[in-house]
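Architecture at a glance
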Amino acid sequence: MNARSALAAVALATLAACSGGPSLENRGQVTAPPGDSRHLTIGSAGFTESDLLAQMYAQLLDRAGYRTSMLTVANRELYEPALESGQIDVVSEYAATFADWLNAKAHGADAKPVGSPDLDATMKALRALATPRGLTVLPPGRAVDQNAFAVSAAYARQHHLKTLSDLGASKLPVRLAAGDECVQRPYCEPGLKKVYGIDITGVDPKGVGTTQAKRAVQDGRDQLVLTTTTDATLDQFGLVLLADDRHLQNADYVVPVVNRSRAGGAGIVKALGRLNDVLTTRDLADLDRQVDSWRRLPADVAHTYLKDKGLL
């Protein structure tokens, strides 16, 4: 085992020992005044976008006078309890997904989802679930990473398609490249049929936004592919997104989540909030592209972006 692997193993073992949240005798700390620790640990879930957001958070906090360190834990089951316990102080999350995850943790896997396309309702539910765990969910910005559907640019031009409503109105038969779970998920095949009236003739189980799935649409074997709004590779396959104009997808806006007792202070909230004013979904997709396609380091991409936006 090399040194990096050994350190990772120690970190994971430590995090695995975390409690599921504040103990009963410490629940009173949840309502204590927000903390302002000067040394903060920024968590990343280990994929490109999470790494980029973690780097931007760290650099903004460094600029504001805090000392930061990074910890990558590619598993929400581990990093969320670590956030509650204060081993991680700040992490980026996605509003609706995190709300549903906390809801399932609190009320069981069969609990009715609380995330929805309504951002205000989703944030209200998320904060109600996060607060008793000692977590503060900061305001969402403009960037959203949610499920999205794409067609080939040629197909869109041929049939005058800009939105999913356009595709439904066209009455075209559509084969959808997606994960096999798409046949049951309300945001996928059932939702496309119910909300948009799209004639889904079948689901081609090639995964969510995979190269295989996008090539199937590029080649015309399928007409529609399930991907995300920050997919940085669509141009490479000649694909374009169709707008979710009836808001089928949940409000997965990027939100910083902090441990209230260590990182809920006004200075931290202000430093991270500066990103909300500038970071858009398109920006995030472009930053992802620079890492995934151009092989730039997330720290360098984050620094250049923040400097260009006047935040550093």
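**Side note on the layout of surface pockets**
Counted as a void, the largest pocket has a volume near 1100 Å³. Looking at the largest pocket, it is lined by 38 residues, and the ones nearest its centre are Thr97, Asp100, Arg185, Tyr187 and Asp252. Tallying contributions element by element places helix H4 (residues 95-107) first for the lining of the largest pocket, with 6 residues. Looking at the lining of the largest pocket, its residues break down into 18 nonpolar, 11 polar and 9 charged. In this structure, the second largest pocket occupies an estimated 360 Å³ of space. Along the walls of the second largest pocket sit Thr229, Asp231, Leu234, Asp235, Leu239, Val240, Leu241, Thr281, Arg282, Ala285, Asp286 and Arg289, which together make up its complete lining. Taken together, the elements giving at least two residues each to the lining of the second largest pocket come down to strand E9 (239-242) and helix H12 (281-292). For the lining of the second largest pocket, the leading source of residues is H12, giving 5 residues.

**Things to note about the sheet that holds strand E10 (residues 254-259)**
Taken in spatial order, the 5 strands make up an open sheet running E2-E1-E3-E10-E4, and their pairing is mixed. Edge positions in the sheet fall to strand E2 (67-72) and strand E4 (135-137), since each of these pairs with one other strand and no more. When strand polarity is set aside, the average angle formed by the axes of neighbouring strands in this sheet is 30°. Sheet topology note: the strand E3 (residues 90-94)/E10 ladder contains 5 bridges and is antiparallel.

**Some details on the environment of alanine 106**
With respect to the secondary-structure elements, alanine 106 resides in helix H4. Separated by 23 residues in the primary sequence, alanine 106 and leucine 129 have C-alpha atoms spaced 8.0 Å apart. Non-local contacts of alanine 106, meaning those with residues more than four positions away in its chain, are made with Leu129 and Arg133.

**Description of the side chain of threonine 48**
By the secondary structure assignment, threonine 48 is in helix H2 (residues 48-63). Threonine 48 gets classed as buried once you look at its relative accessible area, which sits at 19%. Contact partners of threonine 48, with chain neighbours within four places excluded, come to Asp288, Val291 and Asp292.

**Quick word on the packing of H12 against helix H13 (residues 298-308)**
Interhelical geometry of H12 versus H13 gives an angle of 140° and a closest axis separation of 9 Å. Taken together, H12 and H13 sit at an angle that is classed as oblique. Seen from above, H12 lies across H13 with right-handed handedness. Seen from H12, the contacting residues are Asp283, Leu287, Gln290 and Val291; seen from H13, they are Pro298, Val301 and Tyr305. Counted by class, the contact of H12 with H13 contains 5 nonpolar, 1 polar and 1 charged residues.

**Let's talk about the pairing of E2**
By the bridge criterion, 6 bridges tie strand E1 (residues 39-44) to E2 in an arrangement that is parallel. Across the sheet, residue isoleucine 42 finds its bridge partner in E2, namely methionine 70. For the crossover from E1 across H2 to E2, the handedness is right-handed.

**Considerations on the confidence of the model for the chain**
The share of residues in the chain with pLDDT of 70 or more is 90%, and the mean pLDDT across the chain is 91. For the stretch residues 1-14, pLDDT sits under 50, and the model shows 6 contacts to residues farther than four places along the chain or on other chains. In the model, residues 16-28 has pLDDT below 50 throughout and makes 17 contacts with residues more than four positions away in sequence or in other chains.

Reading the values: rules and limits
Residues numbered from 1 in each chain as written. Predicted model: local features only at pLDDT ≥ 70, side-chain atom pairs only at ≥ 80, totals over all residues. Heavy atoms only, no water. 1 Å grid on protein atoms, 1.4 Å probe; cavity = no way out; pocket = protein on both sides within 12 Å on 5 of 7 lines; lining within 4 Å. Points joined across faces, edges and corners; volume = space filled by probe spheres on them. Helix = DSSP H or I, 4+ residues; strand = E, 2+ residues; numbered from the N terminus. Nonpolar A, V, L, I, M, F, W, Y, C, P; charged D, E, K, R; others polar. Pairing = 2+ DSSP bridges. Axes fitted to C-alpha atoms, helices over the stretch in contact; angles between N-to-C directions. Contact = heavy atoms within 4.5 Å. Buried < 20%, exposed > 50% of the residue type's maximum accessible area, 1.4 Å probe, protein only. Parallel < 35°, antiparallel > 145°, perpendicular 65-115°, else oblique. Left-handed = near helix turned anticlockwise from the far one by under 90°. Right-handed = clockwise from strand over helix to strand, strands pointing away. pLDDT = per-residue confidence, 0-100.

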